[in-house]
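# Reading the structure
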Amino acid sequence: MTIQSFIQKSILQTGLFVSALFLALPSHAAVVITPANSIPGTAAMGPSNCEPSCVYQTFGLTNDGSLQLLYKADVGTANNPATVESGLYASSYMTTFSLSALDPSAALIEYVSGSAIQCPSCYLAIKDGNATPAYYFFNLATWNGTDALDLSGFWPSQGAISHVSIWGVSTPGEVPEPATLALLGFGMLGVAALRRRAS
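Residues numbered from 1 in each chain as written. Predicted model: local features only at pLDDT ≥ 70, side-chain atom pairs only at ≥ 80, totals over all residues. Heavy atoms only, no water.

So, on to the side chain of Asp128. Among the secondary structure elements, Asp128 is positioned in strand E8 (residues 122–128). Although Asp128 lies buried, it forms no salt bridge, and the closest oppositely charged side chain, Lys127, sits 5.9 Å away as judged by the N-O distance. A distance of 2.5 Å separates the side chain of Asp128 from the backbone nitrogen of Ala160, its partner in a polar contact. Apart from residues no more than four positions distant in its own chain, Asp128 is found in contact with Pro47, Ala134, Trp155, Gly159, Ala160, Ile161 and Ser162. (Helix = DSSP H or I, 4+ residues; strand = E, 2+ residues; numbered from the N terminus. Buried < 20%, exposed > 50% of the residue type's maximum accessible area, 1.4 Å probe, protein only. Lys, Arg positive; Asp, Glu negative; His and termini not counted. Salt bridge = Lys/Arg side-chain N within 4 Å of Asp/Glu carboxyl O. Polar contact = N/O pair within 3.5 Å; in protein donor to acceptor, adjacent residues only side chain to side chain. Contact = heavy atoms within 4.5 Å.)

Have a look at this one:
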């Protein structure tokens, strides 16, 4: 076996390994969040928005301005039903509201791609327009930033979610994207094919 054929074989094997790794990547799990495992807001919190001051208050944090809006998804309106997303990580996540397009009692926050939120100092606020309590809060200290957040059972009969938001002190961290790994594998296969054709 020549050195060139050895290199071609090694590149091909590496490409196949990376492709197999891509196919074997596990899907992300979901963290289930319901009113039962959240801290309910009090009547004093709402109906107007009180974030982030109510996050500091709920979790007994010093209101030092360190919390940032990492991600927020607002339910659409009758005139514009599209979900409106904002925050430092708006492009990394997607929220799907359900059980009613404009008056939802459930939502799924999913990691899409790019930088993921890095906790432990992360807090989820779930807001209703007028119901009591107007807020539910959840400490996301153990969330890995990529597992889906599955919200259900919020104001099922007397209100609906108006928005969800994640507040925290976070350092952006790149998450390897499956598409990038696959592209690397296919690129290696292409290099091997070109080398074979050239010889």
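Picking up where we left off.
Summarising the element assignment, Ala44 is placed in the loop between strand E2 (39–40) and helix H2 (53–58). By relative accessible area, which is 68% here, Ala44 ends up exposed. For the pair formed by Ala44 and Tyr135, sequence separation is 91 residues and the distance between their alpha carbons is 9.8 Å.

Across a sheet, paired strands are connected by hydrogen bonds in the backbone, their directions being either parallel or antiparallel. Judged by pairing direction, the sheet is mixed, and its four strands sit side by side in the order E1-E10-E6-E5 without closing on themselves. Each edge of the open sheet is held by one strand with a lone partner, namely strand E1 (30–33) and strand E5 (93–98). Each strand of the sheet is rotated relative to its neighbour by a mean of 15°, with strand direction disregarded. (Pairing = 2+ DSSP bridges. Axes fitted to C-alpha atoms, helices over the stretch in contact; angles between N-to-C directions.)

So, about the packing of aromatic side chains. A complete count under the given rule lists nine aromatic pairs for this structure. Residues Tyr93 and Tyr111 carry aromatic rings whose centres are separated by 5.8 Å and whose planes lie at 70° to one another, so their mutual orientation is edge-to-face. Placement of Tyr93 in strand E5 and of Tyr111 in strand E6 (residues 106–111) is noted, with a sequence separation of 18 residues between them. Exposure class is identical for Tyr93 and Tyr111. Each is buried. (Phe/Tyr/Trp six-rings, centres within 6.5 Å; stacked < 30°, edge-to-face > 60°.)

The next subject is the state of the cysteines. A full pass over the atoms with the stated rule returns one disulfide. The residue that forms a disulfide with Cys119 is Cys122, at a sulfur-sulfur distance of 2.2 Å. Here the disulfide of Cys119 and Cys122 is left-handed, its torsion about the S-S bond being about -110°. The same class applies to Cys119 and to Cys122, which are both buried. (Disulfide = S-S within 2.5 Å.)

Once that is clear, we can look at the nonpolar core. If you look at the biggest cluster of nonpolar residues, it comprises 29 residues, and the most contacted ones within it are Ile117, Leu124, Ile126, Leu140, Leu151 and Ile166. Secondary-structure elements contributing two or more residues to this core are strand E3 (68–74), E5, E6, E8, strand E9 (135–139), strand E10 (148–151) and strand E11 (161–168). The residues contacting Leu140, other than those within four sequence positions of it, are Ile33, Cys119, Pro120, Cys122, Tyr123, Leu124, Leu149 and Ile166. Among the nonpolar cores identified, the runner-up in size contains 13 residues, and Met45, Ala125, Ala134 and Tyr135 belong to it. (Core = buried A, V, L, I, M, F, W, Y, C linked by side-chain atoms within 4.5 Å.)

Time to look at the environment of Tyr111. According to the relative accessible area criterion, Tyr111 is buried, its value standing at 14%. Separated by 20 residues in the primary sequence, Tyr111 and Ser91 have C-alpha atoms spaced 9.3 Å apart. Of the polar contacts made by the side chain of Tyr111, one reaches the backbone oxygen of Gly114; its length is 2.6 Å.

This part is about unusual backbone geometry. Put simply, Gly46 and Pro47 share a cis peptide bond, and its omega is 5°. For Pro47, the position within the fold is in the loop between E2 and H2. Following Glu51, the chain continues to Pro52 via a peptide bond in cis, the omega torsion being 0°. By the element assignment, Pro52 lies in the loop between E2 and H2.

Attention now goes to the sheet that holds E9. Strand order across the open sheet formed by six strands is E2-E9-E8-E11-E3-E4, with antiparallel pairing between neighbours. Both edges of this open sheet fall to E2 and strand E4 (84–86), since each of them pairs with a single strand only. In this sheet, E9 lies alongside E2 in antiparallel orientation, the contact comprising two bridges. Across the sheet, residue Ile39 finds its bridge partner in E9, namely Phe137.

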